[in-house]
Structure formats: C-alpha cells, structure tokens
Amino acid sequence: MDYSKFLNPEVCAIPPSGIRKFFDIANTMQGVISLGVGEPDFTTPWKIRQAGIASLEDGHTRYTANKGLAQLRAEIAVYLKRKYDLCYDAKDEILVTIGGSEAIDAAIRALVCPGEEVLIPQPSYVCYEPMTRLAGGVPVIIETKAENEFKVTPEELLAAITDKTKLLILPYPCNPTGGVMEREDLEKIAKVLKEKEIFVLSDEIYSELTYTGKHCSIACIEGMKEQCVVVNGFSKAFSMTGWRLGYACGPAPILEQITKIHQYAIMCAPTTAQYAAIEALKNCDAEVEQMKEEYDMRRRLMVSGFNRLGLTCREPKGAFYTFPCIKSTGMSSEEFCERLLLSQKVALVPGTAFGKSGEGFVRASYCYSIEHIARALARIETFLKSEGIL
Amino acid sequence: MNIKLLNLLDRNARYTNEELAVMTGLTTEEVERELREMEDARLICGYKAVVDWEKVDNTLVSAIIELKVTPKAGHGFEEVAKRVMQFPQVESVYLMSGGYDLSVVVKGKSFQEVALFVAKELSTIDSVLSTATHFVLRRYKEQDVELIGASGDDRETFLL
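Residues numbered from 1 in each chain as written. Chains lettered and ligands numbered in written order. Predicted model: local features only at pLDDT ≥ 70, side-chain atom pairs only at ≥ 80, totals over all residues. Heavy atoms only, no water.

## Observations regarding the side chain of Thr144(A)
Then, number 1: Here Thr144(A) lies in the loop between β4 (138-143) and α7 (154-160).
Then, number 2: If we skip the residues at most four places from it in the chain, Thr144(A) touches Pro121(A), Gln122(A), Pro123(A), Phe150(A), Lys151(A), Val152(A), Glu156(A) and Tyr172(A). (Helix = DSSP H or I, 4+ residues; strand = E, 2+ residues; numbered from the N terminus. Contact = heavy atoms within 4.5 Å.)

## Examining the interface of chain B and chain A
Then, number 1: Contacts between the two partners involve 16 residues from chain B and, on the opposite side, 30 residues from chain A.
Then, number 2: Across the interface of chain B and chain A, roughly 1900 Å² is buried in total on both sides, 62% from carbon and sulfur atoms.
Then, number 3: Of all residues in chain B, Arg155(B), Phe158(B) and Leu160(B) give up the largest surface area on contact with chain A, accounting jointly for 43% of the area buried on that side.
Then, number 4: Our count for the contact surface shared by chain B and chain A stands at 1 salt bridge.
Then, number 5: Notably, a salt bridge pairs Glu294(A) with Arg11(B), separated by 2.8 Å at the nearest N-O pair. (Buried area = accessible area lost by both parts, 1.4 Å probe. Salt bridge = Lys/Arg side-chain N within 4 Å of Asp/Glu carboxyl O.)

## What about the sheet that holds strand β7 (residues 228-233) of chain A?
Residues and elements named next belong to chain A.
Then, number 1: Judged by pairing direction, the sheet is mixed, and its 7 strands sit side by side in the order β2-β8-β7-β6-β5-β3-β4 without closing on themselves. Because the sheet does not close on itself, it has two edges, and the strands there are β2 (94-97) and β4. Pairwise comparison of adjacent strand axes, ignoring direction, gives a mean angle of 20 degrees for this sheet.
Then, number 2: Note: strand β5 (residues 165-170) against strand β6 (residues 199-203), 4 bridges, orientation parallel. Directly across from Leu167, in β6, lies its bridge partner Phe199. (Pairing = 2+ DSSP bridges. Axes fitted to C-alpha atoms, helices over the stretch in contact; angles between N-to-C directions.)

## Overview of the environment of Arg14(B)
Then, number 1: With respect to the element layout, Arg14(B) can be found in the loop between α1 (3-11) and α2 (17-24).
Then, number 2: In this structure, the C-alpha to C-alpha distance between Arg14(B) and Ala115(B), residues 101 residues apart in sequence, is 36 Å.

## Remarks on the sheet that holds strand β2 (residues 90-95) of chain B
Residue and element names in this part refer to chain B.
Then, number 1: Spatially, the 4 strands line up as an open sheet ordered β2-β3-β1-β4, and their pairing is antiparallel. This sheet does not close on itself; its edge strands, each paired only once, are β2 and β4 (128-135). If you compare each strand with its neighbour and ignore which way they point, the axes differ by 20 degrees on average.
Then, number 2: Judged from the 7 bridges that link them, strand β1 (residues 61-69) and strand β3 (residues 102-108) form a sheet pairing that is antiparallel. Bridge pairing in β3 links Glu66 to Ser103.
Then, number 3: Sitting on the sheet, helix α5 (residues 78-85) touches β1, β2, β3 and β4, and the angle it makes with β2 is about 170 degrees.

## Observations regarding empty space enclosed by the protein
All names here are of chain A.
Then, number 1: Taken as a whole and judged by the stated rule, the model has 2 cavities of 30 Å³ or more.
Then, number 2: As a volume, the largest cavity reaches approximately 70 Å³.
Then, number 3: The wall of the largest cavity is formed by Leu170, Tyr172, Pro173, Val180, Met181, Leu186, Ser202, Glu204, His215, Cys216, Ser217 and Ile218.
Then, number 4: For the lining of the largest cavity, a count of residues per class yields 8 nonpolar, 3 polar and 1 charged.
Then, number 5: Its volume calculated, the second largest cavity comes out at about 50 Å³.
Then, number 6: In this structure, the second largest cavity is lined by Tyr79, Tyr84, Ile205, Ser207, Glu208, Asn232, Gly233, Phe234, Ala237, Phe238, Tyr247 and Leu281.
Then, number 7: Elements supplying a minimum of two residues to the lining of the second largest cavity: α4 (70-84) and β7.
Then, number 8: The residue inventory of the lining of the second largest cavity, partitioned by class, reads 8 nonpolar, 3 polar and 1 charged. (1 Å grid on protein atoms, 1.4 Å probe; cavity = no way out; pocket = protein on both sides within 12 Å on 5 of 7 lines; lining within 4 Å. Points joined across faces, edges and corners; volume = space filled by probe spheres on them. Nonpolar A, V, L, I, M, F, W, Y, C, P; charged D, E, K, R; others polar.)

## Some details on the domain arrangement of chain A
It is common to report an interface's size as the accessible area lost on association of the parts.
Residue and element names in this part refer to chain A.
Then, number 1: Here chain A is partitioned into domain 1 (3-43 + 286-386) and domain 2 (46-284).
Then, number 2: Of note, the centres of domain 1 and domain 2, computed from C-alpha atoms alone, are 24 Å apart.
Then, number 3: Taken together, the contacts link 34 residues of domain 1 with 35 residues of domain 2.
Then, number 4: Together domain 1 and domain 2 conceal approximately 3000 Å² of surface at their shared face, both sides included; 60% is due to carbon and sulfur atoms.
Then, number 5: Our enumeration of links across domain 1 and domain 2 arrives at 3 salt bridges.
Then, number 6: Linking Lys47 and Glu287 is a salt bridge whose minimum nitrogen-to-oxygen distance equals 3.2 Å.
Then, number 7: At the boundary of domain 1 and domain 2, one finds 18 residue pairs in polar contact (both at pLDDT 80 or more).
Then, number 8: Contributions of two or more residues to the side of domain 1 that touches domain 2 are made by α11 (285-308) and β9 (321-322).
Then, number 9: No other element matches α11, which puts 8 residues into the side of domain 1 that touches domain 2. (Domains from an automatic or database assignment. Polar contact = N/O pair within 3.5 Å; in protein donor to acceptor, adjacent residues only side chain to side chain.)

## Points about the domain arrangement of chain B
Then, number 1: Under the domain assignment, chain B is made up of domain 1 (3-40) and domain 2 (53-142).
Then, number 2: Distance from the C-alpha centre of domain 1 of chain B to the C-alpha centre of domain 2 of chain B: 34 Å.

## Details of the side chain of Thr259(A)
Residue and element names in this part refer to chain A.
Then, number 1: In this structure, Thr259 sits in helix α9 (residues 252-265).
Then, number 2: Its relative accessible area of 9% is what places Thr259 among the buried residues.
Then, number 3: Each residue touching Thr259, except ones within four places of it in the same chain, is listed here: Lys67 and Leu95. (Buried < 20%, exposed > 50% of the residue type's maximum accessible area, 1.4 Å probe, protein only.)

## Points about the nonpolar core
Then, number 1: Phe320(A), Phe336(A), Leu348(A) and Ile380(A) are the most contacted members of the largest nonpolar core, which has 59 residues in total.
Then, number 2: Residues Ile76(A), Val152(A), Ile161(A) and Phe238(A) belong to the second largest nonpolar core, which totals 55 residues. (Core = buried A, V, L, I, M, F, W, Y, C linked by side-chain atoms within 4.5 Å.)

## Some thoughts on unusual backbone geometry
All names here are of chain A.
Then, number 1: A cis amide bond links Tyr172 to the next residue, Pro173, at an omega of -10 degrees.
Then, number 2: In this structure, Pro173 sits in the loop between β5 and α8 (183-196).
Then, number 3: Positive phi outside glycine occurs at Phe150, with the angle close to 60 degrees.
Then, number 4: Position of Phe150 relative to the elements: it lies in the loop between β4 and α7.

## Examining the packing of helix α12 (residues 333-344) of chain A against helix α13 (residues 370-386) of chain A
All names here are of chain A.
Then, number 1: Close contact between α12 and α13 brings their axes to 10 Å; oriented N to C, the two are set at 105 degrees. If you check the angle between α12 and α13, you find them roughly perpendicular. Facing α12, whose interface residues are Phe336, Arg339, Leu340, Ser343 and Gln344, α13 presents Arg379, Ile380, Thr382, Phe383, Leu384 and Ser386.
Then, number 2: Among the residues forming the contact of α12 with α13, the class breakdown is 5 nonpolar, 4 polar and 2 charged. (Parallel < 35°, antiparallel > 145°, perpendicular 65-115°, else oblique.)

Right under this line is the structure:
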C-alpha cells in the first residue's frame, strides 16, 4: 500500500539522521566500546528516587495542574534564583514540561509563524532544525567556529539576521562542542538581539555542568529576560533522563501561549517525576556537585588523552562531551568513525551528526567510567597506529 | 595529604600516576611526591585487589567471630587485639561498641578449619570470655565493589 498519500509531506521531508546506518552497524556489533551515549551513567540519586516512590505510596497518581505542581514551580523559582540569579514568578512564568525537549518544541510552535526564520547555531543538538520545520519555520544555520570556541559572535549573528528572523536558539553549554557563552559573550550578542528585536530560546539543560566558571543565563543580561524563554530540566544535572522532566520560563504572556499547547498536547508532566523533582531541587546540591566533580575528572582525562594522540582537543567548558578535531588524520568525520568502529570497535559520533559545520570533528561523551574511557582511548591509539597516523 | 588522590585510589589503586595527575590537575611529579608522603605517614597502608575468592575456590570460607574479652588494667583491649591479629588466618580485628568487644574476621579452607581455629586458638586466650562464630554465606558487596548483579550498560549505544 502506498502510505505516502496518507502521510504529511512536511514530516516526510524531514531527513532521517544521516548517520542512522552507521548507528545500526554499531548497535549490532559485539564488544563495542562506546563513547556515543549522551546521557549520564549515574543512577538518579537515591533521595530523589525515594521521593518518587513515596509519592506513589501516598497515592499521588492523578494529573497535576497543567503548569505543574505549584510546589514544584515554587521550588524551581527558588532554585533558579539561588543558582543563576534568575527571577521568575512561580505563578505564571514557569511551566513544567516533559523534559527540555517538549519545552523546546512547544516554545518554537508558540513563537514561530510559517515562513519566519529561526537562527540555529551549529554544531548543536539535533532537534532544533526538525522542530522549526514542523512549526513551518525556516531554519537558518549559524556555523560556529572552533577558533571562537564554538560561541555565537555578534558578527555571525548580524550576518544571519534578515527581516524574516524571529528567533535565535541559544544552546549553551553546548552539546556536542562543550562550548559555553560567558557573560561578556552574551552581552555582546544581547545588544544585537535587542536592537533587532529577535526573541531567544535559550536551551540551558547543561547549566549545572560547567567546569571553569559559573553558568550565566542570557536572561540575566539587562533587558533580555523580557525577550527570551529559558529551557532547563532535570535530566542532566540530576541524572534523571528517564523521568522526563523539564521546564520553560519566560514572560507571562508568552508562557500563557506555550502552556496552551502543553495543555492540549500533553495535559501535564508525569506526576511521580514532579514529586521526585521537588526533592532534587531542595536537597541534592551535594549529589550534583559530586557528579560534576566526577565528570570533571573524566573530562580532563579525555582531553589529555586525545591531545596525547595528536587529535587536537580544546578544553570543553560545559556539558559532558569532548569534541576533538580529527582533520590531521586526513579522514572525514564519518570515515574516521566508521573505520574506527570496524577496526577497533570504538563508537564515536561524527561531528556532522550535529550539522555540516561539525565536519572534521568527532564527539566523545565522558558519561562513562574512567576505566571505560581509558580502554577506549587505548583502542583509539591502536587504531591511529594501524592507520600509520601515530 | 591530598583527599582527592586518596578518594581516587580508594576507588581504584591501579590508576597510573599519569592518570592521577591528569584527573587531579597535579603534575606527575607532584602525584609521586604526595603518594610517597602519604605512604610514609601510613595514611596509605597498602594496595590490594578486591578478589571474589568464592569464584576461585568455592570451599573457601570466612567468618566473623565475636569475642567478649576482659580488658587488662592499663592495656585495655589492645593487648588481646595484638595477640589475635598475629594469626595469619585473621584478616581484620576491630574493637566494637555494643554487645561484644572484638570483631575478628577469619578466613579458612573449610568450615571445620575455621571452627577449630576458634576453639583452639581464640577461645583459649586467657582474657577471652566467650566467642560466637558467624560464617559468611555469601558476599554481595566487598569494599564498595558489587560482587553480584553488577548490571551492564543498558543505555542505547547512541543517544544524541
């Protein structure tokens, strides 16, 4: 049967991940050491799990308010203030969503009209472009540069803005590059954004995982809070990926419309996860700090490992990925990853999975034990030697 | 003293000095010096592997022996503890709070061997009032290491 006549051509037109085939090979191979996974290896801290269990024992099994539990929203407001000096009113400026992902989707749909342009810095997480297209928007890619530490510069921003530009996605700390935008960097682009009245969707899901300084949200820059939606969540900081819980914060009139989408599409975020998240925000600073220290050690180990192997690796300042440059091998990103996989059974993600500008780089996640990372690096060394590169 | 180094070695004593240096932000020379100092000060008392001996030989047994002891004037429990720890069968000796005084972990080739050791060597010590022997039937976790049910990585090979 020809299903294409039933399907929405807009959806069919979204290209599947170009490296799907490569992933499929990796998934069927035995004995693969992967550095491919983009989620924490830690189990959710016990206190948080216990709070989830307790909520079930207490019989909290119904829907919550559409926006999320009032107590959770209040805790989010307190947390954002104490961590990042962000001021959001729990009453009408915070929406609890199913992971950061839903918040991104709903925000784009609430903001972007068909034909309007959305600026997407790349290399970056893979969802922004398809989400924009599904909303009828037109993705405009800003190719960030390694020499700028993969930050968006005001010049790049100005060059990409047209009179159709509506929204800038700001994905920092950045998956896959590990790049962060510091206050000075944000101030520079904020000037352009205010002048041109471009709205911002700031995906700050990795905000807790910064290693060289404190995370700064663009909403902290004078005049920007009114012009942006901040997305954050529990997956990365609290190692709660499977609980599916995130949130969006922004000006009340914007949040009201995003909430409408959420209300019709989702109803409310999972109740058990919401109760667990209250505990996460209130009592888990020490656990978060401990996980971060662990990531930091692995990060140093991996950066030093790649550099020792001649694969230039800048220091990633945030998230949990390294993004070494493999240009010196003369191979393309995909070629490098495929040959490494077939020859030494180490799985990395080609930089091109995160946009064309990821060519020449590979992503290696350090959501793995130190022993695992050391084993993978040893295999990569063997690979480089067998290719006559090292 | 360097707590970070101690924590890392406590987890895995086989990290190389180079790895320790990278992870802690020290130089290799600094790591070597710190380790030497901590070894000299007996902060680090040894480096051992965590072996699941049951897998090597399932007749091997270990037992925790509770000893009630009359403390000696001027020496407390130390004199008897020192005597107990001389036996090569004794893996560890602790002074305990609560219902008994010394907790002694004993290893042996069989239940009988351990039982006889307790009867002949421990209960005959003058100041030992009584003993209670508890055999270990199964070890689930040893020195922070899970010996059973350590689950593999169930994350998808790729998650962007």
